[in-house]
Amino acid sequence: MKVIFKIWRQENTNTKGNFQSYEVDELTEDMSFLEALDHLNEVLVTKNEKTIAYEYDCREGICGQCGVFINGRAHGPHDNMTTCQLHMRSFRDGETIVVEPWRASAFPIVKDLVVDRSSFDNIIEQGAYISAKTGTAPEANSILVRKEIVDKAMDAAACIGCGACVATCKNSSAALFTSAKINHLNSLPQGKQEASKRVLEMTKQMELEGFGSCTFTGACEVECPEGISIINIAEMNARRTKAKWIG
Amino acid sequence: MYFRKSIIAITGLFLCLFLIVHLSANSILVLPQEVARGLYNSYSTTLRESPFIKIVAYILYLSIVLHVIYALVVTVNNRKAKRKGYAVNRFRENSSWTSQNMGLLGITVLLFIVVHLANFWARIKLGLGEGVGLDSEGHVDVYKVTYSLFQNSYYVLFYSLLMIPLGLHLYHGLKSAFMTLGFYHKKGLRILAKVSLIYAGIMALGFGIIPIIVFFK
Ligand code: HEM
Ligand code: SF4
Ligand code: FES
């Protein structure tokens, strides 16, 4: 299988980048997308050219490192999938595949396809944790939580912080990510004590980091590898209003 | 960002409410000439003379102004959050064109509102341009203003066609406003999506067809 990769190359945050095309041969349909990029880098090494910088860690859809924009979609052509789960069989032989870094003012480009997602960490630091010392895991039945609430909290907790929601959003809004973190903790008894503070401070930080506001286009929930629903954003809005006016 | 978006949502919902009343009143226009004229003019006179409606009218003007100003501020701010876009972006595969273009649709609606106010409000309320006569009962003949405007096919086309962007703006706007204001009931949102579609459809079709009916009367 042969494809033409058209990849965004940029030396560092302050330089201007541009696209470069690479014809890559000797691929198979069973290769993952990242393996195809690995292969391209090996070829570049043998030619003594600069390799392409891109991020990954787990390669099994759980770490959230591998985000890139592929042919106009976050994480490639499929819904709800990470880049590392994407395979070359999703492309045609001879196809040109355009690969771009996440685009958001709050995610400055570090190099080529790698962006700095520290703005997510800064939001997390404003309260996506509980500050009580919990010791070792307590007996499971000592704090009872209704099944529907556990399910909802777990669904929100699935967020892997990949940034696809921000990348695909026309406003680069971090509302899906932030709402997932807030609803995860604020739904559970352990998170209740700091619930108001959490929602106010995390949403404030989200604004300070330069993310846009939510227009409910719904693009984020389609690209989110964890299928986190935009209803979370509406719920975050309700929690924020309650925290602000009632406490 | 929360304050701004809440203002857009609250003023937007108020405008949505206003449109229902406005369309109900305008449906008088499709009645036979003699009935429509008397009814429309007396209704319009009653409105103009009511102190309560005066207050509502000011809230309405304020809503339009606030909605537009904050919508522009939010849109500019959102652009700043994404300084550079993608070379290839297949956003149609993950979201509707309408939801991606609320600003553009809004500007089109604004264009409509400006022309619409110049056609009616400026003549009737401000007394600008050609004077407006009285009907046989001594009411200001608003019906005639409407009727004569819609004898001009360009105006009919303008009024009818621009109801398409209005309908689209309302379809996404109504759903979005509820979510902005924190409505997160799952089943309720499914119903809301249908209600938004029906509401936007009735508004676009209703307002859009009246000029055509008046033209052929
Ligand atoms: C009859 C007139 C109008 C009605 C009933 C209306 C209604 C609405 C509603 C209900 C929303 C949803 C608010 C939200 O998402 O929180 C909205 C959003 C919006 N409106 Fe309007 N609108 C009208 C006119 C306009 C005009 C004249 C503009 C001109 C600039 C405009 C620009 C916008 C924009 C940009 C948004 C989206 C804001 C965002 O990014 O989320 N609208 N509108
Ligand atoms: S909400 Fe989904 S798309 Fe956004 S960071 Fe979390 S996992 Fe990624
Ligand atoms: S490399 Fe970990 S999610 Fe893709």
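Chain B appears in an unreviewed UniProt entry as Succinate dehydrogenase / fumarate reductase cytochrome b subunit from Flagellimonas meridianipacifica.

As recorded in an unreviewed UniProt entry, chain A goes by the name Fumarate reductase iron-sulfur subunit, listed as coming from Flagellimonas meridianipacifica. In its Sequence similarities (unreviewed entry) section, UniProt records this for chain A: "Belongs to the succinate dehydrogenase/fumarate reductase iron-sulfur protein family." The annotation that UniProt attaches to chain A under Catalytic activity (unreviewed entry) is "a menaquinone + succinate = a menaquinol + fumarate".

Moving on, we get to the domain arrangement of chain A. Residues and elements named next belong to chain A. According to the domain assignment, chain A contains domain 1 (3-100) and domain 2 (118-245). A separation of 30 Å is found between the C-alpha centroids of domain 1 and domain 2. Counting each side, the surface lost to burial between domain 1 and domain 2 is near 880 Å², with a carbon and sulfur contribution of 50%. The largest contributions to the domain 1 side of the interface with domain 2 come from Gly64, Ala74 and Asn80, which together make up 46% of the buried area. One can count 1 salt bridge joining domain 1 with domain 2. Where Arg73 meets Glu223, a salt bridge forms, and the shortest distance between an N and an O atom there is 2.5 Å.

Turning our attention to a positive patch on the surface. On the surface, Lys186(B), Lys187(B), Arg190(B) and Lys194(B) cluster together into a patch of positive charge. Considering the arrangement of structural elements, one finds Arg190(B) in helix H9 (residues 186-215).

Our next topic: the site of ligand 1. Near ligand 1 you find 24 residues, and of these Lys5(B), His67(B), His169(B), Ser176(B) and Thr180(B) are the closest. At ligand 1, the nearby residues belong to more than one chain, namely chains A and B. In the model, an oxygen atom of ligand 1 is placed 2.5 Å from a nitrogen or oxygen of the Lys5(B) side chain. Ser176(B) places a side-chain nitrogen or oxygen 2.5 Å from an oxygen atom of ligand 1. Going through the elements one at a time, helix H1 (2-26), helix H3 (51-81), helix H5 (102-124) and helix H8 (163-180) of chain B are the ones with two or more residues in the shell around ligand 1. Here the element with the most residues in the shell around ligand 1 is H8(B); it accounts for 7 residues.

This next bit is on the interface of chain A and chain B. Across the boundary between the two partners, chain A contributes 43 residues, which contact 31 residues of chain B. Each partner contributes to the roughly 3200 Å² buried at the junction of chain A and chain B, and carbon and sulfur atoms together form 56% of this total. On inspection of chain A and its partner chain B, the count reaches 1 salt bridge. For the salt bridge of Glu93(B) with Arg73(A), the shortest nitrogen-to-oxygen distance reads 2.8 Å. Linking chain A to chain B there are 25 residue pairs in polar contact (both at pLDDT 80 or more). Every element with two or more residues in the side of chain A that touches chain B is listed here: strand S5 (96-100), helix H4 (164-168), helix H7 (195-208), helix H8 (219-223) and helix H9 (231-245) of chain A. Residue contributions to the side of chain A that touches chain B peak at 7 residues, all from H9(A).

Residues and elements named next belong to chain A. Among the 7 residues in strand S1 (residues 3-9), 5 count as buried, and that is most of the element. Strand direction decides the pairing type here: S1 and strand S2 (residues 18-24), joined by 7 bridges, are antiparallel. The residue bridging Val3 from the neighbouring strand is Val24, located in S2. Summarising the sheet, S1 and S5 pair through 4 bridges and their orientation is parallel. Among the inter-strand pairings, Ile4 is bridged to a residue of S5, identified as Thr96.

All names here are of chain B. Look at the UniProt record and you will see "transmembrane region" (unreviewed entry) annotated at residues 56-76, 102-122, 154-174 and 195-216. Annotated as residues 56-76, this span is 100% helix and 0% strand, and its ends, taken at the C-alpha atoms, are 30 Å apart. Here residues 154-174 runs as 95% helix and 0% strand, with 30 Å between its end C-alpha atoms.

Moving on, we get to the packing of H1(B) against H8(B). Residues and elements named next belong to chain B. Between H1 and H8, the least distance of the axes is 9 Å, while the angle of their chain directions is 125°. By the angle between their axes, H1 is oblique relative to H8. By crossing handedness, the relation of H1 to H8 is classed as left-handed. Together, Lys5, Ser6, Ala9, Leu13, Cys16 and Leu19 of H1 and Leu166, Leu170, Leu174, Ser176, Ala177, Phe178 and Thr180 of H8 make up the contact between the two elements. When grouped by side-chain class, the residues that make up the contact of H1 with H8 number 9 nonpolar, 3 polar and 1 charged.

About the criteria used
Residues numbered from 1 in each chain as written. Chains lettered and ligands numbered in written order. Predicted model: local features only at pLDDT ≥ 70, side-chain atom pairs only at ≥ 80, totals over all residues. Heavy atoms only, no water. UniProt positions renumbered as here; feature names shortened; annotations may be inferred. Domains from an automatic or database assignment. Buried area = accessible area lost by both parts, 1.4 Å probe. Salt bridge = Lys/Arg side-chain N within 4 Å of Asp/Glu carboxyl O. Patch = residues over 30% accessible without salt bridge, like charges linked within 9 Å, V, L, I, M, F, W, Y side chains within 5 Å. Areas by Shrake-Rupley, 256 points an atom, 1.4 Å probe, with all protein chains shown as cover. Lys, Arg positive; Asp, Glu negative; His and termini not counted. Charge placed at Lys NZ, Arg CZ, Asp CG, Glu CD. Helix = DSSP H or I, 4+ residues; strand = E, 2+ residues; numbered from the N terminus. Near = heavy atom within 4 Å. Polar contact = N/O pair within 3.5 Å; in protein donor to acceptor, adjacent residues only side chain to side chain. Contact = heavy atoms within 4.5 Å. Buried < 20%, exposed > 50% of the residue type's maximum accessible area, 1.4 Å probe, protein only. Pairing = 2+ DSSP bridges. Axes fitted to C-alpha atoms, helices over the stretch in contact; angles between N-to-C directions. Parallel < 35°, antiparallel > 145°, perpendicular 65-115°, else oblique. Left-handed = near helix turned anticlockwise from the far one by under 90°. Nonpolar A, V, L, I, M, F, W, Y, C, P; charged D, E, K, R; others polar.

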